[in-house]
Amino acid sequence: DVCSSDFGIFVEAIDHTSWDRRIDRTRRALAATGLLVTLGGALGGLVAGRRLSRPLSEAAAAARRLADGGLEVRLPPTNDPALASLTETMNEMVETLANRVAADRRFNSDVSHELRSPLTTLTASIAVLQSRRDELSEPNKVALDLLAADLQRFTRLVDDLLEISRFDGGAAVLVPSRVNVAEFLDEVVSSVHHHDVHLVVSPMLRVFEIEIDKRRIARAITNLLDNALAH
């Protein structure tokens, strides 16, 4: 350092190396502290974010499983007061839905079984009338044909309800068998007994075979044809 006065100029040499080192150490310490504070804040935010998002992710996953038919799904309890209401409401909704579905299944099964007996009686009565068809007048023949067709449709509807009940209860068993596609479709279309339905099959399809449950696939195709003809 250089200082001047009326008596002359004074020159003093000061070593700044130690001060520079102190300042440098202080600068590095501050930088390290700032980095640690930043990392700590980021880590704390990440932990808090995961803590808050985990219940929401579980709720979203439960909703997806519920949409796929998983009525057994439930959200685990939580101590977070902000999410406890969501968890409780979600579980109550799923429980209500499961009870309603179970009640619908029981209703379908009970109604289907109860209808089987009168349908059997009606079918037998129609068969007796059809055996004496020649003795009926033309208007009575028309009425008998309409009654037989409606009874057949109603019987098929009840069978479908029973089938649905068996599938819902896990009691249905598929019975697969190999069939020729063209021959199978010919049989199904012929069973509809409607002259306006004409089957057009590609020649290549007449040598093609698949493995299906004939009874169930035939019923599905018949239902589609009946709905198409009716509507």
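The rules behind each value
Residues numbered from 1 in each chain as written. Predicted model: local features only at pLDDT ≥ 70, side-chain atom pairs only at ≥ 80, totals over all residues. Heavy atoms only, no water. Helix = DSSP H or I, 4+ residues; strand = E, 2+ residues; numbered from the N terminus. Contact = heavy atoms within 4.5 Å. Areas by Shrake-Rupley, 256 points an atom, 1.4 Å probe, with all protein chains shown as cover. Axes fitted to C-alpha atoms, helices over the stretch in contact; angles between N-to-C directions. Parallel < 35°, antiparallel > 145°, perpendicular 65-115°, else oblique. Left-handed = near helix turned anticlockwise from the far one by under 90°. Core = buried A, V, L, I, M, F, W, Y, C linked by side-chain atoms within 4.5 Å. Buried < 20%, exposed > 50% of the residue type's maximum accessible area, 1.4 Å probe, protein only. Expected span 1.5 Å × (residues − 1). pLDDT = per-residue confidence, 0-100. Salt bridge = Lys/Arg side-chain N within 4 Å of Asp/Glu carboxyl O. Arc of directions from axis to C-beta. Polar contact = N/O pair within 3.5 Å; in protein donor to acceptor, adjacent residues only side chain to side chain.

Draft legend 1. Molecular detail of the overall build of the chain. Across its full length, the chain holds five helices and four strands. Listing every helix and strand of the chain by position from the N terminus yields β-β-α-α-α-β-α-β-α. Here the analysis covers contacts within the chain between residues at least 6 apart in sequence; of these, 66% occur between residues at least 24 apart. With an accessible surface of roughly 17,300 Å², the chain has 61% of that area assigned to carbon and sulfur atoms.

Draft legend 2. Here's a closer look at the packing of helix α4 (residues 181-192) against helix α5 (residues 214-230). Remark: α4 packs on α5, axes separated minimally by 10 Å, with the N-to-C direction vectors making an angle of 50 degrees. When the interaxial angle is binned, α4 and α5 end up oblique. Crossing hand, α4 versus α5: right-handed. Between α4, through F184, L185, E187, V188, V189, S191 and V192, and α5, the contact on the second element is made entirely by K214, I217, A218, I221, T222, L225, D226 and L229.

Draft legend 3. Structural context of the nonpolar core. By size, the foremost hydrophobic cluster in this structure holds nine residues: A59, A62, L66, L71, V73, L75, M90, V94 and A98. With seven residues, the next largest nonpolar core counts L119, I126, L144 and V158 among its residues.

Draft legend 4. A look at α5. Here α5 is 17 residues long and its end C-alpha atoms lie 24 Å apart, about the 24 Å a rise of 1.5 Å per residue gives. Of all the residues in α5, the buried ones are R216, A218, R219, T222, L225 and D226.

Draft legend 5. Inspection of the environment of R133 at higher detail. One can find R133 in the loop between α2 (81-131) and α3 (138-168). Considering only alpha carbons, one finds R133 and D145, 12 residues apart in sequence, at a separation of 9.9 Å. Discounting residues that sit within four places of it in the chain, R133 has contacts with K141, L144 and D145.

Draft legend 6. Structural context of the confidence of the model for the chain. Of all residues in the chain, 76% have pLDDT values of 70 or greater, and the mean over the chain is 75. The spread of mean pLDDT over the elements of the chain runs between strand β1 (residues 2-5), the lowest at 49, and strand β3 (residues 177-180), the highest at 90.

Draft legend 7. Molecular detail of the pattern of salt bridges. Overall, the coordinates contain five salt bridges when judged by the stated rule. Its salt-bridge partner being R178, residue E209 comes within 3.6 Å of it at the nearest N-O pair. Residue E209 is found in strand β4 (residues 209-212), and its partner R178 is found in strand β3; the two are separated by 31 residues along the sequence. Of the charged contacts in the structure, one is a salt bridge between R216 and D213, with a shortest N-O distance of 2.6 Å. D213 carries the same exposure label as R216, and that label is buried.

Draft legend 8. Quick look at the environment of A59. If you trace the backbone, A59 turns up in helix α1 (residues 17-67). A sequence separation of 27 residues divides A59 from L86, and the C-alpha atoms of the two residues are 8.6 Å apart. Sequence-distant contacts of A59, that is, excluding residues within four places in its chain, are made with L75 and M90.

Draft legend 9. Broad picture of the side chain of K141. Along the chain, the position of K141 falls in helix α3. With sequence-adjacent residues up to four places away left out, K141 is seen in contact with R133, D134 and L136.

Draft legend 10. Expanded view of α4. With 12 residues, α4 should cover 16 Å at 1.5 Å per step; its first-to-last C-alpha distance of 17 Å lies within 8% of that length. Those residues of α4 not exposed but buried are V181, A182, F184, V188, V189 and V192. Along the long axis of α4, the arc covered by the buried residues comes to 160 degrees, so they all point the same way. On its buried side, α4 packs onto β3, β4 and α5. The N-terminus of α4 is capped by N180, whose side-chain oxygen sits 3.1 Å from the backbone nitrogen of A182.

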